[in-house]
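Residue-level structural notes
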There are 2 protein chains.
Amino acid sequence: MTNLQTTQADELKIKGKKAKEAAAVVGGLPTSLKNEALKAISQGLLNQVPAILDANRADLEAGRAAGLSASLLDRLMLDDARIQAMADALIDLTDLADPVGQVLEEWERPNGLKLSTVRVPLGVVGIIYEARPNVTVDAAALCLKTGNAVILRGSSSAIHSNTALVNVIRESLGSAGFPEDAVQLIEDTSRETAARLFRMDDVLDVLIPRGSAKLIRTVVDNATVPVIETGAGNCHVYIDESAEKEMAIRISVNAKTQRPSVCNAAEKILIHQNWPYTAELIAALQWEGVVVHGDDNAVKLADGVLVATDQDWGLEYLDLEVAVKVVSSTEEAISHINAYGTRHSEAIVTASIPEASKFQLGVDAAAVYHNASTRFTDGFEFGFGAELGISTQKLHARGPMGLPALTSVKTLISGTGQCK
Amino acid sequence: MTNLQTTQADELKIKGKKAKEAAAVVGGLPTSLKNEALKAISQGLLNQVPAILDANRADLEAGRAAGLSASLLDRLMLDDARIQAMADALIDLTDLADPVGQVLEEWERPNGLKLSTVRVPLGVVGIIYEARPNVTVDAAALCLKTGNAVILRGSSSAIHSNTALVNVIRESLGSAGFPEDAVQLIEDTSRETAARLFRMDDVLDVLIPRGSAKLIRTVVDNATVPVIETGAGNCHVYIDESAEKEMAIRISVNAKTQRPSVCNAAEKILIHQNWPYTAELIAALQWEGVVVHGDDNAVKLADGVLVATDQDWGLEYLDLEVAVKVVSSTEEAISHINAYGTRHSEAIVTASIPEASKFQLGVDAAAVYHNASTRFTDGFEFGFGAELGISTQKLHARGPMGLPALTSVKTLISGTGQCK
């Protein structure tokens, strides 16, 4: 073993052990103390703006030297407004109900045993994420509010910013009398260390990757720690034959163009063959600068439509690009979506309640819309007040993850000496 | 690729595809039809007793020839009574509420969007299990009741029994007008095929291993499909200084001896140093034939106690064997349990409500008991009416898994044209 390997193993081992010890403490702390800690971090960020911006500048310079794209540099960039937004989000979080300790069910058995299922923290949460440094603060705050310890592993491109932010968080926790070891940053951003982190079952209760489809796939393929998959959204808007023209066009254009780079943006438009306004819809998308691909029917119905290949139907463009397919029924739309979709957000536009209901029952996805844009799949839009990401898996949490997604349960049983 | 490999790949691919197609159908079937299917299987089993027993005899003969232990042969063995028990369990299952379609939450947003979160089936459930052929019927029935398709992979030692049982299940489903492809048995029991099954993300929504700690570890280490861990139980009974003598002895003896081979049996007894009856407790265990290991204090306090090594504290004996440790406080008991336990079932015996409460909050386990035996951690004892196993993980389901553990959720959103 080289010295470097020893150091890597030590960092994970030492920080893992500290996080686990801290989790045992923070899991039992009252909501008031957790809120004090969040307020202290908020204030700490505002007090340390110059130091944070200095560190961020080092990342930006390294990023420019390494030839990062303008959009990646923008994701990496912090400024006064973005730090203020992080500080504000921490204060907002103090207003949310604490799920820990909530009694979900209480019942009694004929033998007199009294049972109650209560929400408890998960323990130690691992978050693996890319560029955006605000995830460092958001994820740590959500974990702290729910009584968890957190191990953060950001990307090497944000290492200076992340280190500065975690320093502020830990100092603020310490000054609020809160165990600062509840937040740990893995400073070694090598792949080898990430691979070891994926298999730290003895420390981590869950791993949550946030970032590209590739990052998420790497975690799923290699982790032994349970993973919550977030992310990929090949979302569809299906326009049924009875869809109101103006509503169908408005929802399609919004879902596609409002923010094309996000997971709840529409990537495909399916149109019933009897809906008469396909040409106008495609023109409206093109007017907004959208490159439109289409199946043979769509190509015939409108101008300037590129021929879609079979590959297009599974693609997440994440850009001003869409593929349009003409279908003969709601059933065909459902089976196309279930074959090519990523189980994220799907919408039907229709004036028919039976068709809407058929679609909402038949489509297998976290969120299924009737007459609304897929863009609402979001913790804030759902009214959760906070969000850790959008789960595209079926176990534990599905869809936008609010605070309860960061908890587990425990059943407490009280008896008077009962034996089985 | 050899022919054998081609065949293996084909079996998984073909049965996986059929299961997925069947899942899309059974997910939408009404409770009444699912119950009819369960009744048909129950009747089918009773009609086919001779064929099932013939197949089971072939497994038993092969098992004897391969030198399987008496206890493994007993687990493998079917007789009239065991088949009747399976048939009865199917009828019991028809009485349970169907969780699918249950509305968990309904709310409205200020923009007029109406949201509702409803329970939906998981989709295709994979079950990997060892010897007991009754798991074939139990697991298939629980999956069918919850609208899931199931892919069963039993052990080679039970292949004749499992094949006969699945034939009966599929014929009965067909005769009840239910898609028989909802139940698939992987007949190739090679490790290579199991390894491929672990990574069939495109088909399986979850994998549930049921069996030895080794089997579960193999699945967790190799699966990319989300796993629900079941099983291992290094359970503790902690006797606090105020514990009533008779109750403490009764609970300890019951938890250890009533059925030592199961996961909710006690493996360790922790005793407060001021509790005066340690010698009597150890004598009572020894009287029941239990081999007692102990730390230095326990060895001093009673006769015939073997010296426990550090390894003992992490062991699941699954036999008439226990280790006893003297501790100085409830806090020490909690930290010992959190260090060595498997987060399954833990008990405190005490007359003190504050100590009980401290223990129930501080111990990290699926079920934490006050003045009752750990043996109650069981779906039937909890009143769930059915059980698919006991989850020892924190995500999705924790503790005994009833029917809701086999479901996910979906959020339906209805609007009037809202865009974000």
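Chain A has the name Gamma-glutamyl phosphate reductase in an unreviewed UniProt entry, where Bhargavaea beijingensis is given as its organism. As recorded by UniProt, the Sequence similarities (unreviewed entry) comment attached to chain A reads in full: "Belongs to the gamma-glutamyl phosphate reductase family." What UniProt states about chain A under its Subcellular location (unreviewed entry) heading is, verbatim, "Cytoplasm".

A word on the UniProt feature "domain: Aldehyde dehydrogenase" (unreviewed entry) in chain A. Feature annotation in UniProt places "domain: Aldehyde dehydrogenase" (unreviewed entry) on residues 93-275 of chain A, given in this structure's numbering. End C-alpha atoms of residues 93-275 of chain A are separated by 45 Å, and the span's content is 33% helix alongside 25% strand.

It is worth spelling out the interface of chain B and chain A at this point. The interface of chain B with chain A comprises 64 residues on the first partner and 64 residues on the second. Regarding the contact of chain B and chain A, the summed buried area is about 5200 Å², with carbon and sulfur atoms giving 51% of it. Looking at the side of chain B facing chain A, the largest losses of area belong to K394(B), L395(B) and K420(B), adding up to 15% of the total buried there. Remark: the boundary between chain B and chain A carries six salt bridges. Of the charged contacts in the structure, one is a salt bridge between D205(B) and K394(A), with a shortest N-O distance of 3.2 Å.

With that settled, consider the relation of the copies chain B and chain A. Of the two same-sequence chains, chain B is brought onto chain A (RMSD 0.0 Å, axial shift 0.0 Å) by a rotation of 180°. Seen this way, the second copy is the image of the first under a two-fold rotation axis. When C-alpha distances to the rotation axis are compared across chain B, the minimum falls at H396(B), with a value of 1.8 Å. Here 100% of the contact residues of chain B are again contact residues in chain A; the copies associate through an equivalent surface.

Turning our attention to the packing of aromatic side chains. Applying the stated criterion to the full structure yields ten aromatic pairs over all chains. Measuring from ring centre to ring centre gives 6.1 Å for F384(A) and W107(B), while their planes differ by 35°; the resulting arrangement is tilted. You can see F384(A) sitting in the loop between strand 13 (367-372) and strand 14 (390-391) and its partner W107(B) sitting in strand 1 (residues 103-108), one on each of two chains. For F384(A), a relative accessible area of 31% corresponds to the partly exposed category. With a centroid separation of 6.0 Å and 20° between ring planes, the pair formed by Y238(B) and F359(B) is classed as stacked. Of the two residues, Y238(B) sits in strand 7 (residues 235-239) while F359(B) sits in helix 14 (residues 353-362), which places them 121 residues apart along the sequence. In this pair, the class of Y238(B) matches that of F359(B), namely buried. Pairwise contacts between aromatic rings join W107(A), F382(B) and F384(B) into one cluster. The positively charged end of K325(A) is found above the aromatic ring belonging to W313(A), 5.4 Å away from the centroid.

Taken together, the ten strands give an open sheet; going across it, the order is 1(A)-2(A)-16(A)-13(B)-12(B)-7(B)-8(B)-11(B)-9(B)-10(B), and neighbouring strands pair in mixed fashion. Of all strands in the sheet, those with a lone pairing partner are strand 1 (103-108) of chain A together with strand 10 (306-307) of chain B, marking the two edges. Strand direction decides the pairing type here: strand 12 (residues 345-349) of chain B and strand 13 (residues 367-372) of chain B, joined by four bridges, are parallel. Residue I348(B) lies in a different strand from strand 13 of chain B, and its bridge partner there is H370(B). Each of strand 7, strand 8 (266-272), strand 9 (291-294) and strand 11 (321-327) of chain B touches helix 11 (residues 278-287) of chain B; the most contacted strand, strand 8 of chain B, lies at about 165° to it.

Applying the stated criterion across every chain, the model contains zero disulfides over all chains. Between C263(B), a cysteine without a disulfide, and C235(B), which holds the nearest cysteine sulfur, the sulfur-to-sulfur distance is 6.9 Å. A disulfide-free cysteine, C419(B) has its sulfur positioned 15 Å from the sulfur of C235(A), the nearest such atom. When its relative accessible area of 25% is taken as the criterion, C419(B) is described as partly exposed.

All names here are of chain A. Helix 14 (residues 353-362) packs onto helix 13 (residues 330-340) with a crossing angle of 20° between their chain directions and a minimal axis gap of 10 Å. In terms of axis orientation, helix 13 runs roughly parallel to helix 14. As for the relative orientation of helix 13 and helix 14, their crossing is right-handed in sense. Between helix 13 and helix 14, the residues in contact are T330, E331, I334, I337 and N338 and E355, K358, F359 and G362, respectively. Its residues assigned to classes, the contact of helix 13 with helix 14 shows three nonpolar, three polar and three charged.

Burial of strand 13 of chain B is extensive: six of the six residues sit out of reach of the surface. Pairing of strand 16 (residues 407-418) of chain A with strand 13 of chain B, which is carried by five bridges, proceeds in the parallel orientation. Among the inter-strand pairings, T411(A) is bridged to a residue of strand 13 of chain B, identified as A367(B). The β-α-β motif built from strand 12 of chain B, the intervening helix 14 of chain B and the parallel element strand 13 of chain B has right-handed crossover chirality.

Residues and elements named next belong to chain A. Compared with the 24 Å implied by 1.5 Å per residue over 17 residues, the 24 Å span of helix 7 (residues 159-175) between its first and last C-alpha is a close match. Those residues of helix 7 that sit buried are I159, S161, N162, A164, L165, V166, V168, I169, R170, S172 and L173. Where helix 7 is buried, its residues contact helix 2 (31-47), helix 3 (49-65), strand 3 (124-129), helix 6 (134-145), strand 4 (149-153) and strand 5 (183-185). Directly after helix 7, the chain includes G177, whose backbone phi takes a positive value near 75°.

Residue and element names in this part refer to chain A. Burial analysis of strand 3 places six of its six residues in the buried class, which makes it a mostly covered element. Residues of strand 3 alternate between two faces, with V124, G126 and I128 on one and V125, I127 and Y129 on the opposite face, all of them buried. For the handedness criterion, the β-α-β arrangement of strand 3, helix 6 and strand 4 is classed as right-handed.

This next bit is on helix 3 (residues 49-65) of chain B. All names here are of chain B. For helix 3, built from 17 residues, the straight-helix expectation of 24 Å at 1.5 Å per residue is met to within 8% by its first-to-last C-alpha distance of 24 Å. Among the residues making up helix 3, those that are buried are V49, I52, L53, A55, N56, D59, L60 and G63. The buried residues of helix 3 occupy an angular sector of 160° when the element is viewed end-on, so they sit on one face. The exposed set on the far side of helix 3, more than 90 degrees from its buried face, consists of P50 and A65. Backbone geometry just after helix 3 places G67 at a positive phi near 75°.

Rules used throughout
Residues numbered from 1 in each chain as written. Chains lettered and ligands numbered in written order. Predicted model: local features only at pLDDT ≥ 70, side-chain atom pairs only at ≥ 80, totals over all residues. Heavy atoms only, no water. UniProt positions renumbered as here; feature names shortened; annotations may be inferred. Helix = DSSP H or I, 4+ residues; strand = E, 2+ residues; numbered from the N terminus. Contact = heavy atoms within 4.5 Å. Buried area = accessible area lost by both parts, 1.4 Å probe. Salt bridge = Lys/Arg side-chain N within 4 Å of Asp/Glu carboxyl O. Least-squares fit on C-alpha atoms with pLDDT ≥ 70 in both. Phe/Tyr/Trp six-rings, centres within 6.5 Å; stacked < 30°, edge-to-face > 60°. Buried < 20%, exposed > 50% of the residue type's maximum accessible area, 1.4 Å probe, protein only. Lys NZ or Arg CZ within 6 Å of the ring centre and 35° of its normal. Pairing = 2+ DSSP bridges. Axes fitted to C-alpha atoms, helices over the stretch in contact; angles between N-to-C directions. Disulfide = S-S within 2.5 Å. Parallel < 35°, antiparallel > 145°, perpendicular 65-115°, else oblique. Left-handed = near helix turned anticlockwise from the far one by under 90°. Nonpolar A, V, L, I, M, F, W, Y, C, P; charged D, E, K, R; others polar. Right-handed = clockwise from strand over helix to strand, strands pointing away. Expected span 1.5 Å × (residues − 1). Arc of directions from axis to C-beta.

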